[in-house]
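Single-letter residue listing:
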Amino acid sequence: MRIMLAGTKSGAGKTTIVCGLIELFKRRSLSVSAFKSGPDYIDPMFHRAVLGIPTGNLDGFLSDKKYIANQTAEAEKNSDILVIEGAMGYFDGIGFSDKASCAETAEITDTPVILVVDAAACGYSAMAVVNGFINMPKGENIKGVIFNRMSSVLYKSAAEEVKRLGLIPCGYIPTDKNLSLESRHLGLVTADEVVHFKEKIDTIAAQMKKSLDLEGILALAETAVPLKENEDIREAEEKEKEPVTALD
């Protein structure tokens, strides 16, 4: 099983939700692996602090498609579930492109994606964001949605709208300063700098157990076709090397 949690932007709440999910999966006696999409070295520290084992990166900036696919296959083979955290916004890559973005990583690994939408200070407009993301090129891997900083009252309507778009509503996180990990100008602080880190993760996991559809998230992760050496990636790379023939 594997799943990716990706955000609409940096600061959408991906790391908080991923750490909470990892903790909940552990409590179910599942063996969990985790990766960060991109070269970010701080977020894997948070994953490692929760899991107690080393994690790593699926880095499209420095690695080729075959390496990313093989890393994913190896991690998935050695665990019950692999959780991949996206970087920045889902489509944000090199420059103003989706090259080396988590959208590209999801495409390479054929991983179902849950989009984390920061719904603070907005209502129905949040659905315009979701609709825009799924209709972008490479948006087809987005299968579910989690709303961060949304009230339980609004979520009932939001869940129905998510279903109308053909996606799976996976839950919400209410607005609460105790349900987020500290950040600063250049990003998250490291796990070692978070005061009472274990207690904070316990608080986050307790809330997520109530407001996320954990069974639905696991069911979505189960839809991922197990990767092997990924012949499709090798074939795609070979096609990229083929000379282009001019048309008459």
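Before reading on, note that the structure itself is shown above.
A short tour of the structure in this document, coming up. (Residues numbered from 1 in each chain as written. Predicted model: local features only at pLDDT ≥ 70, side-chain atom pairs only at ≥ 80, totals over all residues. Heavy atoms only, no water.)

## Structural notes on the pattern of salt bridges
Proximity of charged atoms lets side chains of opposite charge pair with each other. We count it as follows: Throughout this description, the term salt bridge denotes a Lys or Arg side-chain nitrogen within 4 Å of a carboxyl oxygen of Asp or Glu. Per the convention used, a helix needs a DSSP run of H or I reaching at least four residues, while a strand needs a run of E reaching at least two, with both numbered from the N terminus. The buried label applies to any residue whose accessible area, calculated with a 1.4 Å probe on protein chains only, is under 20% of its type's maximum; exposed applies above 50%, and partly exposed to all values in between.
Applying the stated rule across the entire model yields 15 salt bridges. Linking D118 and K9 is a salt bridge whose minimum nitrogen-to-oxygen distance equals 3.7 Å. Within this pair, whereas D118 is found in strand β5 (residues 113-118), its partner K9 is found in the loop between β1 (2-7) and α1 (14-27), the two being separated by 109 residues in sequence. Taking the relative accessible area as the measure of exposure, K9 reaches 41% and is therefore partly exposed. Residue E85 is joined to K36 by a salt bridge in which the shortest nitrogen-to-oxygen separation is 3.2 Å. With E85 in strand β4 (residues 81-89) and K36 in strand β2 (residues 32-37), this residue pair connects regions lying 49 residues apart in the sequence. Its relative accessible area of 0% is what places E85 among the buried residues.

## A few points about unusual backbone geometry
At S29, a residue that is not glycine, the phi angle is positive and equals roughly 65 degrees. For S29, the position within the fold is in the loop between α1 and β2. Assessed through its relative accessible area of 65%, S29 is described here as exposed. The phi torsion at K138 lies on the positive side, around 70 degrees, for a residue other than glycine. Note on placement: K138 falls in the loop between α5 (125-134) and β6 (142-148). Assessed through its relative accessible area of 18%, K138 is described here as buried.

## Considering the pairing of β4
Defined as follows: When DSSP finds at least two bridges between two strands, those strands are taken to pair.
For β4, a buried count of eight out of nine residues is recorded, marking the element as mostly surrounded by other parts of the structure. Looking at chain direction, β1 and β4 are connected through five bridges and run parallel. Directly across from I3, in β4, lies its bridge partner V83. Here five bridges tie β2 to β4, and the two strands are oriented parallel to one another. Bridging across to β4, S33 finds its partner in L82.

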